[in-house]
Amino acid sequence: MGNDGGSIPTRRELVKEAARDPTTTQIREIQHEQTEYYWTTDPISRNPLARPLVSDSLGKLYNKDTILEYLLGEGEEASKSEADGILQGNVKALRDIVEVKFEVDKEATENGDGSIKVEVWKCPITNDRLGSGTKSVYLVPCGHAFSARAIKEVARDVESERCLQCSEPYASNDVIPIIPTNPTDIARLALRMKTLKAKGLSHSLKKAPGASKKRKKDKTEGKIDANGHASRESPKASGIKNASTAALAAKVLQEQEQNKRRRMDNDNLKSLFTSRDQTKPSGSSNDFMTRGYTIPAGAKR
């Protein structure tokens, strides 16, 4: 009984079951449950993960058909907006995903509820089970999945970094952790995408749209003439197709060049003469054109 007029609860009774901060063990259990969920379930369709699987630049796993439906715009608006929140703008085309190739452990295949067969994936080098209990990675661009321990050990022994399955070369920055939970790994993946975008590349190392145009523009703007100044191309060379707009742009550029030369000429002339007061003694500070000669005050001009 309580709060019915028959009794009044004391402060001790009210705060007896106060909320407490979760312990480290509880936090780890929650993270393990979340990781296990993302290793077994597509976060968009909420269907069990099944090959073929793809991954974005953050290492998340999706069913390939789910991503294809998203890119084609199929489905309801509510589900599409929810998918936008999950993908966070990281997947806009097929070049933004990589198909992850897992090796199936046929001997350890498990039955989830007796009717649905659940695949068990393993590292082809160490035979470690790939999942929430093992730090796993895949390589870009080939997409083969390994345990992080296998890639680390092989990198020590082999000078050239090549995939252990297909021998395709890869860079150390293109080793993508699957379902990362370490803040350092998440920050590295974000920095990697920022670097790739600056180079005009996507997550799969394919060229991003407009990358060639941007590179051509940067190359044009970086040209230096014989005098050491950045050269400017004519409006036609810069891509202006409208004749009147091109003529107007050429006229503006010409006037800017003339004004620039006029200012340089004025500065050069001013540097030849002094601006001191002629009534004061000059001493050794005269200009070379007026040194040693003084115009008399009463002289006729």
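Definitions and limits used
Residues numbered from 1 in each chain as written. Predicted model: local features only at pLDDT ≥ 70, side-chain atom pairs only at ≥ 80, totals over all residues. Heavy atoms only, no water. Patch = residues over 30% accessible without salt bridge, like charges linked within 9 Å, V, L, I, M, F, W, Y side chains within 5 Å. Areas by Shrake-Rupley, 256 points an atom, 1.4 Å probe, with all protein chains shown as cover. Salt bridge = Lys/Arg side-chain N within 4 Å of Asp/Glu carboxyl O. Helix = DSSP H or I, 4+ residues; strand = E, 2+ residues; numbered from the N terminus. Buried < 20%, exposed > 50% of the residue type's maximum accessible area, 1.4 Å probe, protein only. Pairing = 2+ DSSP bridges. Axes fitted to C-alpha atoms, helices over the stretch in contact; angles between N-to-C directions.

> So, a nonpolar patch on the surface: which residues are in play, and what are the values?
A grouping of L68, L71 and L94 is seen on the molecular surface, where their side chains present a nonpolar patch of about 230 Å² in accessible area. Within the fold, L68 resides in helix 3 (residues 64-72). For L68, a relative accessible area of 34% puts it in the partly exposed group.

> Can you lay out unusual backbone geometry for me, pointing to particular residues and giving the numbers?
Of note, the amide linkage connecting R51 to P52 takes the cis form, showing an omega dihedral of 5 degrees. Note on placement: P52 falls in the loop between helix 2 (24-40) and strand 1 (53-55). The linkage connecting V140 with the following residue, P141, adopts the cis geometry, with an omega of 15 degrees. For P141, the location among the structural elements is in the loop between strand 8 (136-139) and strand 9 (145-147). A positive phi angle is found at N127, which is not glycine, with a value near 65 degrees.

> So, the sheet that holds strand 8: which residues are in play, and what are the values?
Pairing is antiparallel in the open sheet, where 3 strands are placed in the order 9-8-10. With one partner strand each, in any of the chains shown, strand 9 and strand 10 (175-177) form the two edges of the open sheet. Recorded for the sheet is a direction-independent mean angle of 35 degrees between the axes of neighbouring strands. Judged from the 3 bridges that link them, strand 8 and strand 10 form a sheet pairing that is antiparallel. Bridge assignment links V137 to a residue of strand 10, and that residue is P177.

> Give a detailed account of the sheet that holds strand 2 (residues 61-63), specifying residues and quantitative values.
Across the sheet, which stays open at both edges, the 3 strands sit in the order 2-1-3 with antiparallel pairing between neighbours. Two strands close off the open sheet at either side, each with one partner strand: strand 2 and strand 3 (98-100). Strand-to-strand twist in this sheet, taken as the mean axis angle between neighbours without regard to direction, amounts to 45 degrees. Bridge count for strand 1 against strand 2 is 3 bridges, and the pairing is antiparallel. Along strand 2, the bridge assignment pairs L53 with N63.

> Give me the lowdown on the pattern of salt bridges, citing residues and values where you can.
Tallied over the full model, the rule gives 7 salt bridges. Notably, a salt bridge pairs R46 with E82, separated by 2.6 Å at the nearest N-O pair. Here R46, found in the loop between helix 2 and strand 1, pairs with E82, found in helix 4 (residues 77-87); they are 36 residues apart in sequence, far enough to count as distant.

> Requested: an account of the environment of V137, with residues and values cited.
By the element assignment, V137 lies in strand 8. Taking the C-alpha atoms as reference, V137 lies 6.0 Å from S147; in sequence the two are 10 residues apart.

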